[in-house]
Amino acid sequence: MGEMEEVDVDHITTDIPPQKCPLVCDSASHACVDRENYPLTGPVFKNPVCKVYRFQTMDSKWMLVREQMEECTLSFSIPRQLLSLYIQQDMNRVQDLRELGELSPHWDNLRKEVMARYGGIIGYYQETLAELDKITGRSFKPSCCKAQKSLEFIPINLHTQRMRVTCPRKTGILSRLRQGASSSPRLKDAFYDIVTVGAPAAHFQGFKCGGLQRLLSRYEAEKKSFSTAYQCIYYSPEHTAKAQEVLSTVSLLQPLITSSADQLLQAAQERSSTGLKDVLKKLSDKTEQFVHTLKDELVKSALLALHAAQPGYVSKNQKPTPAQAGQHQGHVHQCSEQNPSPVQGLPGHSPATSVTESTVMCNNVDGSQTTTKGEGGTLPLKHQDSIPHHKEYDEEEWDRVWANVAKCLNCVIAMVDKLQEEDNNRQEPVPEQQLADVITSHNPGDWKEQLCPLVTRLKDCVMEVVGKAKRAMTFVLLQEAACSIPQGFLLQQRRDVVFSQALAALACGFVMRLYAGMEDKGFLRQLQLVGLVAQFESLLSTYSEEIGMLEDMEVGISDLQRVVFKITEAKTDDLSDLQPLVCGRRDHFTVEVPLPRLVFQTLPEEIKEGKPLQVFPVLFNVGINEQQTIAERFGDISLQERINQKNFEMLEAYYKSLSEKVPLECLPCFQTQTDVKELLETLGQNVVTKKRKNVEILWIAGSICRRLNGIRFTSCKSAKDRTSMSVTLEQCALLRDEHQLSKDCFIRALDCMRSRLTQGDIGQWEDPEAGAVTENKPASRHFYPIALLLVSSHLLVVWLILSLVFLLAKYQ
């Protein structure tokens, strides 16, 4: 439910004659009024299309209902920004691979192959971005273009829908006018917002082999065999994610530490004790976080693996003879037994994989530099004593390197304490001779001189640690990429596509909800302390290609957990400066939402200071079409059941956190006083109940979302028929439950909202799918013809028989 406010209704026409479909007027003029009253919608939402209805309430009064649908410019701007970030991240990855230094021939060949794959993705993304930059004027992607290659990053039919309800409080409008009231009554407005979008999925790539959820599960299961085939070290998904996290954190903290160190020297030059104290605290916090990030066994083991992958590496325990040198298999077996893997002890690592085994095999493939051929056969390479050995590698070196950072920080802290203590002592009254000695021994400008060597040493240690950690984690990601050629790159590209569509929808919903709640102090408090829940309602079936769409959508919605929002102050009030901006990398994105200065100043202090605002995405799916009927009778709906159960637990956890941190008074009030806790219990029961097409799950989840100030999304394959039916039914249910819509008017209101029946010149209704105005289209176009309904059961039986025959032939 949107914000509540008092408005005048002088513009309401009350003497409209009764009509079958109570369409009061089209919204050309109303759209202009709304844009003037809500100027914040300008930079993000455009091309509003409105209808205004009049419905009778249970007490024979009248309510005005206004539907307003708008396109969202974020449909294209968010994917464009994401593509630029993807390109930059992959280019940085290629540069990191180049900076690994000299590797053995096998590892170098793998590196070249991985770099070539990255180059292909970069080129494709650059080409796609160039095509998107050519598109002007369009604000959404119609469903007819869902499989178009150049538009695969764009969400399908992304629109916002707002239903604004105006009801009289106690006295009807007509009676007030008949009584000659001098002033018009003041009515209560209620807003109900929803975002409609096609299911985030890789439609261009297709669903022949399933969606992301199935493909990723299969990929992880086969990854160990890939590592054996490519002679790589297998790292679990947890290790890969940890490596990406270390790279991201180190890249973020290094410039902050350097900046704080420079500020410390500046404060020392100014001899500001307060400035020194404040900057030192900031420097200490960032440095401690930096050290804690690097205190991980993965970094240490990866450095050892990188050392073993250098050219000419041979185990010191190995004592090759001319006969042994010619026996490659025995050589590898001996290395694997005598040199255990440095990552075997890590949780989730395959015990059968050995770093030494992999690297020795890599360094002794045919044509490698470790052997030469002579007349008598294969001979060991000369100068073998100069080759670095496993035992010669100091495994404690890394511990000393990152520990030096903490030691340097302690030295800086000790020096600052000493300087401040001396400054305090100097301010105390002392004999004249002692004061002269103090002045002589401490030059007023020597604070910076005493701190400068220690700060420089700290910065050098940080740089050294960053270099080693960056190379180690890049080597981990190199092996992960090498093991996944080419499947991993194709999956990453598919994941990028799905995430781009999901993030564009989420950013649209967040901006819409933020604009609607700017004057709601309870909402802003909830946003600051806990965050918002984003509830995605999916109507996809669990049959045929829609299974793949649902599997894509599940992963895409789950990936939104890596997104946070920040509200910033716009540089100017120009519309171009009010566009949301995206920054970050694949494992963590931040969406910055700029607001005009006057609006920004009304926000709570923590939000103005840039506190990250969390969003908790949840997905509930119930198939409702005829394909779902087939799936429930003859197929498998376990995917839908698992999704609903998992996301119910997430929604329950969010409510628990919300109830602990935010008073219930901050939540919106509804006429139906059902407790949220009770609704959650009912939802939990419906999730585990075996019931066909249990749409109660969607109804209850949507009701909980509105009561929690959440963001509502509705999706199907293309966000057309099923989505529109769901949205209009929900709107009429809200009118009935919250605004006392007359029971006799319910079906008529539903038919009116779903109909395109027009009356005169005011009945033209813009078709968002075609992007053109449609005139005088019959209302029955959304319904099946009578004749088809009569024979549909026979067609269904024939189709079922053919499907069963096909399935039997396929699996025999």
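Keep in mind the model is a prediction, meaning the values are calculated, not measured.

**Student:** I tried to follow the packing of helix α3 (residues 105-134) against helix α15 (residues 487-516) on my own but got confused; where do I start?
**Tutor:** Describing two packed helices takes the angle between their axes plus the distance from one axis to the other. As a packed pair, α3 and α15 sit with axes 11 Å apart at the nearest point and diverge in direction by 25°. The angle between α3 and α15 falls in the class roughly parallel. Of the two possible hands of crossing, α3 and α15 adopt the one that is right-handed. Each of V114, R117, Y118, I121, Y124 and Y125 in α3 lies in contact with α15, whose residues at this interface are F489, Q493 and D496. Taken together, the residues of the contact of α3 with α15 sort by class into six nonpolar, one polar and two charged.

**Student:** For this particular structure, what's the right way to read the nonpolar core?
**Tutor:** Buried together is how nonpolar side chains tend to be arranged in soluble globular proteins. One finds F290, L451, M473, F510 and F565 to be the most contacted residues of the largest nonpolar core, which totals 145 residues. Once residues lying within four places of it in the same chain are set aside, the contact partners of F290 are V250, L253, I257, V405, V462, V465 and V466. Of all hydrophobic cores here, the second largest spans 26 residues; its members include V618, L658, V662 and I697.

**Student:** It is not clear to me how the pattern of salt bridges should be interpreted in this structure. Could you clarify?
**Tutor:** Opposite charge on two side chains permits them to pair, given that their charged atoms come into close proximity. Using the criterion set out here, one finds 26 salt bridges in the structure. Here D285 makes a salt bridge to K281, at a shortest N to O gap of 3.3 Å. Linking D285 with K281, this pair stays in helix α7 (residues 273-294), spanning four residues, or about one helical turn. Since its relative accessible area comes to 37%, D285 is described here as partly exposed.

**Student:** Quick question: what am I supposed to make of the packing of aromatic side chains here?
**Tutor:** The description of an aromatic ring pair uses the distance of the two centres, along with the angle that the planes make with each other. Applying the stated criterion across every chain, the model contains twelve aromatic pairs. Measuring from ring centre to ring centre gives 5.1 Å for Y118 and F489, while their planes differ by 80°; the resulting arrangement is edge-to-face. One end of the pair, Y118, is in helix α3; the other, F489, is in helix α15, with 371 residues separating them in the sequence. Aromatic ring contacts, followed pair by pair, group Y86, Y124, Y125, F153, F499 and F589 into a single cluster.

**Student:** Is there a simple way to explain the environment of I711 in this structure?
**Tutor:** Along the chain, the position of I711 falls in strand β14 (residues 711-715). Taking relative accessible area as the criterion, I711 reaches 4% and is therefore assigned buried. Sequence separation between I711 and V533 is 178 residues; the distance between their C-alpha atoms is 6.4 Å. Leave out the neighbours within four places in its chain, and I711 touches G509, F510, R513, L532, V533, A534, Q535 and C705.

**Student:** Whenever I open this one, the environment of S715 confuses me. Can you help?
**Tutor:** Inspection of the secondary structure assignment puts S715 in strand β14. Given a relative accessible area of 0%, S715 falls into the buried group. In the structure, S715 is positioned 175 residues away from L540 in sequence and 7.9 Å away in space, judged by C-alpha atoms. The contacts of S715, once residues within four sequence positions are left out, are V197, G198, A199, E537, S538, L539, M553 and T723. Among the polar contacts made by the side chain of S715, one reaches the main-chain carbonyl oxygen of V197 at a distance of 2.9 Å.

Scoring rules and cut-offs
Residues numbered from 1 in each chain as written. Predicted model: local features only at pLDDT ≥ 70, side-chain atom pairs only at ≥ 80, totals over all residues. Heavy atoms only, no water. Axes fitted to C-alpha atoms, helices over the stretch in contact; angles between N-to-C directions. Helix = DSSP H or I, 4+ residues; strand = E, 2+ residues; numbered from the N terminus. Parallel < 35°, antiparallel > 145°, perpendicular 65-115°, else oblique. Left-handed = near helix turned anticlockwise from the far one by under 90°. Contact = heavy atoms within 4.5 Å. Nonpolar A, V, L, I, M, F, W, Y, C, P; charged D, E, K, R; others polar. Core = buried A, V, L, I, M, F, W, Y, C linked by side-chain atoms within 4.5 Å. Buried < 20%, exposed > 50% of the residue type's maximum accessible area, 1.4 Å probe, protein only. Salt bridge = Lys/Arg side-chain N within 4 Å of Asp/Glu carboxyl O. Phe/Tyr/Trp six-rings, centres within 6.5 Å; stacked < 30°, edge-to-face > 60°. Polar contact = N/O pair within 3.5 Å; in protein donor to acceptor, adjacent residues only side chain to side chain.

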